[in-house]
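# Close look at the chain arrangement
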Amino acid sequence: HTRYPLVTGVQTCALPIFHSFGSIADLTDLALVEAGHAPCDRDSLRRLIGLPLEEVFRQVWPFEPSADDVTRAMATYRAAQLAGASPTFFAGAPELVASLRAAGKRLAIVTTKGTPAARRALTDGDVIDSFGAVIGGDIVPHLKPHPAPAEMALRELGVAARDAVVVGDTTHDIHMGVSAGCRAVGVTWGAHDAATLHGAGAAAVATEMAGLRAILLGDH
């Protein structure tokens, strides 16, 4: 439901390129309020970013939800997501995607968001043609932090894990990448801070888009 991990030629990048938290929080609140509950605490929600949507609702629900509660909440969330506006880019993200493509990298998106919503956001942002694979949470057997989403992206791109980099802003992205056998790089403009990302196994952490570009493309 959130990030847009991306897989590249000699690299796999779980790269947050869109401002997503505000829309995630609004959609979560919509589902909670429709079920008769108060909106969620956003600081608590931020710590859940990157988890499967089902798990997010189980944790933000005011009591232990039933399976039907979670199913209805997820349906409300996803319907509103598809009907609403696409998120906006982080500053410098389209330019970084273009630079990676110009350098011959094969890119893929890996996200817990449904594939249709992810493809629509990339299309609206005019970057869909830069990605050789879009791996949504609805087409994988296991979600992050399991390695399955990254492994599917690698297969679709024909990239070996040893040649790949996963870039993400949550520990779930980092754990996914490391478990898949990729190098993992963290970024701090999303959900988790540098210390948390390093602790999860990130080999490097970027604090700005230019720093990430330097890591991925060797700019100095």
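Residues numbered from 1 in each chain as written. Predicted model: local features only at pLDDT ≥ 70, side-chain atom pairs only at ≥ 80, totals over all residues. Heavy atoms only, no water.

### A look at the packing of helix 4 (residues 67-83) against helix 6 (residues 115-124)
As a packed pair, helix 4 and helix 6 sit with axes 10 Å apart at the nearest point and diverge in direction by 20°. Classified by the angle between their axes, helix 4 and helix 6 sit roughly parallel to one another. By crossing handedness, the relation of helix 4 to helix 6 is classed as left-handed. Contacts between helix 4 and helix 6 involve Gln 81, Leu 82 and Ala 83 on the former and, on the latter, Pro 116, Ala 117 and Arg 120. (Axes fitted to C-alpha atoms, helices over the stretch in contact; angles between N-to-C directions. Helix = DSSP H or I, 4+ residues; strand = E, 2+ residues; numbered from the N terminus. Parallel < 35°, antiparallel > 145°, perpendicular 65-115°, else oblique. Left-handed = near helix turned anticlockwise from the far one by under 90°. Contact = heavy atoms within 4.5 Å.)

### A look at helix 4
When the terminal C-alpha atoms of helix 4 are compared, their 24 Å separation across 17 residues agrees well with the 24 Å that a helix rising 1.5 Å per residue should span. What helix 4 keeps buried is the set Asp 69, Val 70, Ala 73, Met 74, Thr 76, Tyr 77 and Gln 81. For helix 4, the buried positions fall inside an angular range of 160° around the axis, keeping them on one side. Seen from the open side of helix 4, the exposed residues pointing more than 90 degrees away from its buried face are Ala 67, Asp 68, Thr 71 and Ala 83. On its buried face, helix 4 is in contact with helix 1 (21-34), helix 3 (53-60) and helix 6. (Expected span 1.5 Å × (residues − 1). Buried < 20%, exposed > 50% of the residue type's maximum accessible area, 1.4 Å probe, protein only. Arc of directions from axis to C-beta.)

### A short note on the pattern of salt bridges
Tallied over the full model, the rule gives six salt bridges. Where Glu 54 meets Arg 58, a salt bridge forms, and the shortest distance between an N and an O atom there is 3.5 Å. Of this pair, Glu 54 and Arg 58 both sit in helix 3, four residues apart, roughly one helical turn. Assessed through its relative accessible area of 27%, Arg 58 is described here as partly exposed. Across the salt bridge formed by Arg 58 and Glu 64, the nearest N and O atoms sit 3.7 Å from each other. Linked by salt bridges that have partners in common, Asp 26, Asp 29 and Arg 42 make up one network. (Salt bridge = Lys/Arg side-chain N within 4 Å of Asp/Glu carboxyl O.)

### Some thoughts on the environment of Gly 177
Following the sequence through the fold, Gly 177 ends up in helix 8 (residues 171-179). Judged by relative accessible area, which is 0%, Gly 177 ranks as buried. Between the C-alpha atoms of Gly 177 and His 146, which are 31 residues apart in sequence, the distance is 8.7 Å. Sequence-distant contacts of Gly 177, defined by excluding residues within four places in its chain, comprise Val 166 and Cys 182.

### Some thoughts on the packing of aromatic side chains
In the structure shown here, the tally under the stated rule is three aromatic pairs. Taking 6.1 Å as the distance between ring centres and 90° as the angle between the ring planes, the aromatic pair formed by Phe 57 and Tyr 77 counts as edge-to-face. You can see Phe 57 sitting in helix 3 and its partner Tyr 77 sitting in helix 4, a full 20 residues away along the chain. Taking relative accessible area as the criterion, Tyr 77 reaches 0% and is therefore assigned buried. Taken together, the ring pairs in this structure connect Phe 57, Trp 61 and Tyr 77 into an aromatic cluster. (Phe/Tyr/Trp six-rings, centres within 6.5 Å; stacked < 30°, edge-to-face > 60°.)

### A word on helix 5 (residues 93-102)
Because each turn of an α-helix spans 3.6 residues, side chains separated by three or four positions end up pointing in the same direction. Burial in helix 5 covers these residues: Ala 93, Leu 96, Val 97, Ser 99 and Leu 100. Along the axis of helix 5, the buried residues cluster in a sector spanning 160°; they form a single face. Here the buried face of helix 5 lies against strand 3 (107-110), strand 4 (131-135) and helix 10 (209-217).

### Section: the sheet that holds strand 6 (residues 183-187)
Here three strands make up an open sheet; going across it, the order is 5-6-7 and the pairing parallel. The open sheet has two edge strands with one neighbour each: strand 5 (165-168) and strand 7 (204-206). Each strand of the sheet is rotated relative to its neighbour by a mean of 25°, with strand direction disregarded. Where strand 6 meets strand 7, three bridges bridge the pair, whose relative direction is parallel. (Pairing = 2+ DSSP bridges.)

### As for the confidence of the model for the protein chain
As a general rule, the predicted coordinates of low-pLDDT regions are not to be interpreted in detail. Per-residue confidence for the protein chain averages 87 on the pLDDT scale, and 92% of its residues sit at or above 70. Contacts from residues 1-13, a stretch scored under 50 in pLDDT, to residues over four places away or in other chains number 106 contacts. (pLDDT = per-residue confidence, 0-100.)

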